[in-house]
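# Observations on the model geometry
Now for the letters of each chain:
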Protein chains: 2
Amino acid sequence: MAKSPSKPITEHLAYLLAQANREINRQLDARFRKEGVPVEQWRILKVLSDGKGHSMGELAEAVLLNHPTLTKMVDRMVSDALVYRVQDADDRRKVLMFSSDRGKALAQRLNSLALSQEAFIAENYGNKATADLKRLLESLIEKAN
Amino acid sequence: MAKSPSKPITEHLAYLLAQANREINRQLDARFRKEGVPVEQWRILKVLSDGKGHSMGELAEAVLLNHPTLTKMVDRMVSDALVYRVQDADDRRKVLMFSSDRGKALAQRLNSLALSQEAFIAENYGNKATADLKRLLESLIEKAN
DNA sequence: CGGGAATCGTTGAATATTCAATATTTTCCA
DNA sequence: TGGAAAATATTGAATATTCAACGATTCCCG
């Protein structure tokens, strides 16, 4: 009796997610190339664009980075004068992050690029498919927590 | 006139994909913990489980890793006697990768863990939603190439 | 109140990934 | 055929990420 072939990797949800994520991220990175900014920094600037201070913990969660990774990325962004730290007066363990004017300006340029990517996807992939996919992903994320 | 708030990051497809991927990958990693093997090595072992030799190029594409990253991961796996290299006789620029018996045995254990994750997801998230999501991801990946 | 436990962020060392350059082999065409 | 160009994989240096440990602050409860 022949050995049963195992389910191909391309049928695993985990693999499909990784593949789709990699591809979309690459395309976004390509668009960001001219600004020389990695996708993670766009996320950070975007989250900070509400003008409110966000603690490192909040931010790490929101931008999908581990604490130490975020700390070091923020160090670089501080060097580039995109963001700055303020100690939280109410809880001095915390550090509140803010976006500088330079950071806000960059965020706007990156937002344009990201929106143009979204438009491109919606066009080539279809509005309905895009909306359905987003909805399913949101629901998966919610269930997975 | 108030500054128009930009579209929240949680509504970007790129972000939703990154978030879902991160979450699902974490859960899979947690299951693999007891074998002490990262998800990428599962992918490699799985692709090699057809018994045919796969070149590094093919493999890199299939397992979603850059060439140099794959080379170094394979180095580790060779040290662990999970895979081995054979120079391709037909094209001596190429290296063909094979899984060892040890690698095959590990692959089977990892497959079980991965399948059990799939089952868990299908159960909590719904069979239809899971199938729909996979279909949409496949189609996105296809379009994005 | 006092002090142990929990929370928050950072650091340094270990590990992993990436970029550019390289070596080898094959392909192609002048 | 000969030799330039392309394809394949690896290497080393630079960079980035992760893990475990730490320091500082706050919380909680006896």
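For the structure given in this document, a descriptive report is provided here. (Residues numbered from 1 in each chain as written. Chains lettered and ligands numbered in written order. Predicted model: local features only at pLDDT ≥ 70, side-chain atom pairs only at ≥ 80, totals over all residues. Heavy atoms only, no water.)

## Thoughts on the protein's contact with DNA strand D
Condition: Residue proximity to a molecule or strand is established when one non-hydrogen atom of the residue lies within 4 Å of it. A 3.5 Å cut-off defines polar contacts: any pair of N or O atoms within that distance qualifies, except that in protein one atom must be a possible hydrogen donor and the other a possible acceptor, and neighbouring residues in sequence count only when both atoms are side-chain atoms. In this text, helices come from DSSP runs of H or I with a minimum length of four residues, and strands from runs of E with a minimum of two, each type numbered from the N-terminal end. Here the term charged refers only to Asp, Glu, Lys and Arg, the term nonpolar to Ala, Val, Leu, Ile, Met, Phe, Trp, Tyr, Cys and Pro, and the term polar to all other amino acids, Gly among them.
In the neighbourhood of DNA strand D, 19 residues make up the surrounding shell, with Lys72(A), Gly57(B), Thr71(B), Lys72(B) and Arg85(B) lying closest. In DNA strand D, atoms within 4 Å of the protein come 67% from sugar and phosphate. Side-chain polar atom of Thr69(A) to a phosphate oxygen of DNA strand D: 2.8 Å apart, as the coordinates give it. Within the side chain of Arg93(A), an N or O atom sits 3.4 Å from a sugar or linking oxygen of DNA strand D. Elements that contribute at least two residues to the surface near DNA strand D include exactly α4 (67-79) of chain A together with α3 (56-63) and α4 (67-79) of chain B. Residues of the surface near DNA strand D, tallied by class, amount to 4 nonpolar, 6 polar and 9 charged.

## Considerations on the sheet that holds strand β2 (residues 83-87) of chain A
Residue and element names in this part refer to chain A. For the record, the criterion: Strand pairing is defined by DSSP finding a minimum of two bridges between the two strands.
Read across the sheet, 3 strands follow the order β1-β3-β2 without closing on themselves; strand pairing throughout is antiparallel. With one partner strand each, in any of the chains shown, β1 (54-55) and β2 form the two edges of the open sheet. Two elements, β2 and strand β3 (residues 95-99), share 5 bridges in a ladder whose sense is antiparallel. Counted as the bridge partner of Tyr-84 is Phe-98 from β3.

## Considering the protein's contact with DNA strand C
In the neighbourhood of DNA strand C, 20 residues make up the surrounding shell, with Gly57(A), Lys72(A), Arg85(A), Lys72(B) and Arg93(B) lying closest. The sugar-phosphate share of atoms of DNA strand C within 4 Å of the protein amounts to 67%. For DNA strand C, a phosphate oxygen lies 2.6 Å from a polar atom in the backbone of Gly57(A). Thr69(B) has a polar side-chain atom sitting 2.8 Å from a phosphate oxygen of DNA strand C. Of all the secondary structure elements, the ones that give two or more residues to the surface near DNA strand C are α3 (56-63) and α4 of chain A together with α4 of chain B. Of the residues belonging to the surface near DNA strand C, the class tally is 5 nonpolar, 6 polar and 9 charged.

## Quick word on the sheet that holds strand β1 (residues 54-55) of chain B
Residue and element names in this part refer to chain B. Quick note on the threshold: Contacts between residues were defined by any pair of non-hydrogen atoms, one from each residue, lying within 4.5 Å. Only the stretch in contact is used when a helix axis is fitted, and all axes are lines through C-alpha atoms; the angle between N-to-C directions ranges over 0 to 180 degrees.
Taken in spatial order, the 3 strands make up an open sheet running β1-β3-β2, and their pairing is antiparallel. Of all the strands in the sheet, just β1 and β2 (83-87) have a single pairing partner and so form its edges. Here 2 bridges tie β1 to strand β3 (residues 95-99), and the two strands are oriented antiparallel to one another. For His-54, the partnering residue across the bridge sits in β3 and is Met-97. Of the strands in this sheet, β1, β2 and β3 are in contact with helix α2 (residues 39-48), which crosses β3 at around 95 degrees.

## Points about the interface of chain A and chain B
Applicable threshold: Put simply, buried area is how much 1.4 Å-probe accessible surface two parts lose in total, over both of them, once they are put together. The term salt bridge refers to a side-chain nitrogen of Lys or Arg lying within 4 Å of a carboxyl oxygen of Asp or Glu.
Between chain A and chain B, the contact holds 54 residues from the first and 54 residues from the second. Surface buried jointly by chain A and chain B totals about 5000 Å² across both partners, of which 68% is contributed by carbon and sulfur atoms. Counting the surface chain A buries against chain B, the share from its top three residues, Leu13(A), Leu64(A) and Tyr125(A), is 13%. Applying the counting criterion to the chain A and chain B interface returns 2 salt bridges. Here Glu118(A) makes a salt bridge to Lys7(B), at a shortest N to O gap of 3.4 Å. Within the residue set of the side of chain A that touches chain B, elements represented by two or more residues are α1 (13-32), α2 (39-48), α3, α5 (101-125) and α6 (127-143) of chain A. It is α1(A) that provides the largest number of residues to the side of chain A that touches chain B, a total of 15 residues. Per-class residue counts for the side of chain A that touches chain B are 26 nonpolar, 14 polar and 14 charged.

Honestly, that's just the spatial picture; any functional story needs more than this.
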